[in-house]
Amino acid sequence: MTTTTVPAQRTRSAAALSVLGADLTVPVSSGELVPYANLDYAASAPCLRPVRDAIDAALPAYSSVHRGAGYASQLTTQRYEQARHSVRAFAGAREDDAVIFTRNTTDAMNLLSGALPPYTTVVVFETEHHAALLPWQRGHRVVRLAAPRSPAEAVAAARQALSTGPVGSRLLAVTAASNVTGELWPIAELARVAHEAGARIVVDAAQLAPHRPLEIAALDLDYVAFSGHKLYAPFGAGVLIGRPDWLSAAEPYLYGGGASRNVTSDVEWHEDPEQRHEAGTPNVLGALALAAACDALTATGWDSLIAEEERLLARLRTGLAEIPGVRELTLWDEQPRVGIVSFVVDGWTAREVAEKLSSDHAIGVRDGKFCAHPFVRHLLGAPDTDPATEPGGSGCGTAGTATAIRASFGVGTQEEHIDRLLLALHQIATTTPA
C-alpha cells in the first residue's frame, strides 16, 4: 500500500477548536430558552467546525472514487485516499497497516470477526461495549472474563486465558477507555501478554481516540477500531486499522464492485485489504470528515486538550462526591480516565434524573446501560437478568432499575456546564420524585 507523508502542522491551543451547536438554546419547563449544556459526547460528539468546513470544501467537486476519469472523480479519489493517510498518521499506525473505512466501531469489529481464521479463540472481558463483546459469537470460540478488580488483575486474567486456551489462532479484544467509567485500560501490558502467548490483540478505541493520542505502532497493537461520530465527525464513518495478512486472506466483507478484480464465471477478488473490504461506493464524505477531525485534533496538540479535560473532570468528580445520595460508578480506584463519568442518584431512576436534567435545566446526559449491559449490571450489583429492564428501552438499556446516568464531555465543554449539572443534581438529590 502506498503511503504519503502528512506535513507537520502548527500546534494551537485547545480554545482554537470549536464545535457546531455551542450556541444552541432549548426550551425548558418554565417556557424560556436556555443555552444547552451537551454532556452526552460519549454517545455522539458534536461536529468540529473544521470538519464542517472540510465537507463544504469537498462538496462542489464531489464525485465517484477510484473508477472515474473526470476531473471531479480524480480529485475526489485523491481526497479520499489522502483521508486514509491522515487517519493512519493520527493513529500512529505502521506503514503497511490496512486502513479500512467502515460505518462505525461495531461495523469494524464485525468486519474483523469475519476475517479471523476459522475457529479462532477470542478472549474478551465482560466490561466491553457490545461492539467489542458480541461480534465474535459468529463461528468463534469465545472466552468471556469477569470484570477484573485491578489493572494488574486484568493483565493476569488475560495471560491465563490466552496461555491455557485451545491451540490455534487467538485474539484478545479489549477497550482502551471504558464507555461507562472512562477508565483507561492497560493496553500496552495487555498487548505484551497477548504476543507472549502467540495471540493478537484488537483494541476498541472509540472512547480513547477523542481524548488521547493513539500509538498503534509504539504499543504494538494488531488492530484498532474507532468511530467518527464519537470523534467530532458525525458523517457515518468509522475505521478498522491493522495488520493486513488476515484481512487479505479473508472473504470480502461485502461482495460487489470495488472488491472484485475480475469477474467471469468466477470472481477474482482484490488482495489489497482496503479494496477487498470496501465494496461498492464508499462513504466518501464520512471518510473526509473523519480525516478532517483527525487533522484538526493533531494540529491543536494533545497537551492543551488533555489539560482542560482533566481540569473539568476533577471538578465534576469532586462535585459529585460532595452531593449526598449520588454515587459514581468506578471499576478501579485512582485509575486515570477520560471525560466520562457514570453515577446513580438514590431514590431516583436514571431515566427520571435524565428527563429532569433536560426539562428543567437544559442539560443533555445519557441514561441506561450504555450498550454495556453485563458491565453496568456488575457495577450496580444487579443480577445477570434484570426483568425490570425487559421489555422496554433501547438496545442500550434505558428502562428499569439496573441503569445509570452518564455525563461525558470534550472539546467545547464549558466550566458552566459542569457547574450547572452539579447544582441541578444537588437539587434533585435533595428532593423526592413526584
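Structure's up top.
Residues numbered from 1 in each chain as written. Predicted model: local features only at pLDDT ≥ 70, side-chain atom pairs only at ≥ 80, totals over all residues. Heavy atoms only, no water.

Caption draft 1: Region of interest: helix α5 (residues 151–164). For α5, which comprises 14 residues, the first-to-last C-alpha distance of 20 Å matches the rise-based estimate of 20 Å (1.5 Å per residue) to within 8%. Among all positions in α5, only A154, V155, A158, A161 and L162 are buried. Down the axis of α5, the smallest arc covering the buried residues is 135 degrees, so these residues share one side. Away from the buried face of α5 by more than 90 degrees, exposed residues A152 and T164 are located. (Helix = DSSP H or I, 4+ residues; strand = E, 2+ residues; numbered from the N terminus. Expected span 1.5 Å × (residues − 1). Buried < 20%, exposed > 50% of the residue type's maximum accessible area, 1.4 Å probe, protein only. Arc of directions from axis to C-beta.)

Caption draft 2: Structural view of unusual backbone geometry. Phi is positive for Y119, close to 60 degrees, though the residue is something other than glycine. With respect to the element layout, Y119 can be found in the loop between α3 (105–115) and β5 (121–125). You can call Y119 exposed: its relative accessible area is 57%.

Caption draft 3: Structural context of helix α2 (residues 71–90). Relative to the 28 Å expected for 20 residues at 1.5 Å per residue, α2 spans 28 Å between its end C-alpha atoms, a close match to the ideal helical length. All buried positions along α2 are accounted for by S73, L75, T76, T77, Y80, A83, R84, H85, S86, V87, R88 and F90. Buried residues along α2 sit against β4 (98–102), β9 (223–227), β10 (238–242), α9 (273–276), α10 (284–300) and α11 (302–321). (Contact = heavy atoms within 4.5 Å.)

Caption draft 4: Local environment of the packing of α2 against α10. Orientation of α2 relative to α10, taken along the N-to-C sense of each, is 40 degrees, at an axis distance of 8 Å. Classified by the angle their axes make, α2 and α10 are oblique. Crossing handedness for the pair α2 and α10: left-handed. Contact with α2, carried on its side by T76, R79, Y80, A83, S86, V87 and F90, involves V284, A287, L288, L290, A291, C294, D295, L297 and T298 of α10 and no other residues of that element. Per-class residue counts for the contact of α2 with α10 are 11 nonpolar, three polar and two charged. (Axes fitted to C-alpha atoms, helices over the stretch in contact; angles between N-to-C directions. Parallel < 35°, antiparallel > 145°, perpendicular 65-115°, else oblique. Left-handed = near helix turned anticlockwise from the far one by under 90°. Nonpolar A, V, L, I, M, F, W, Y, C, P; charged D, E, K, R; others polar.)

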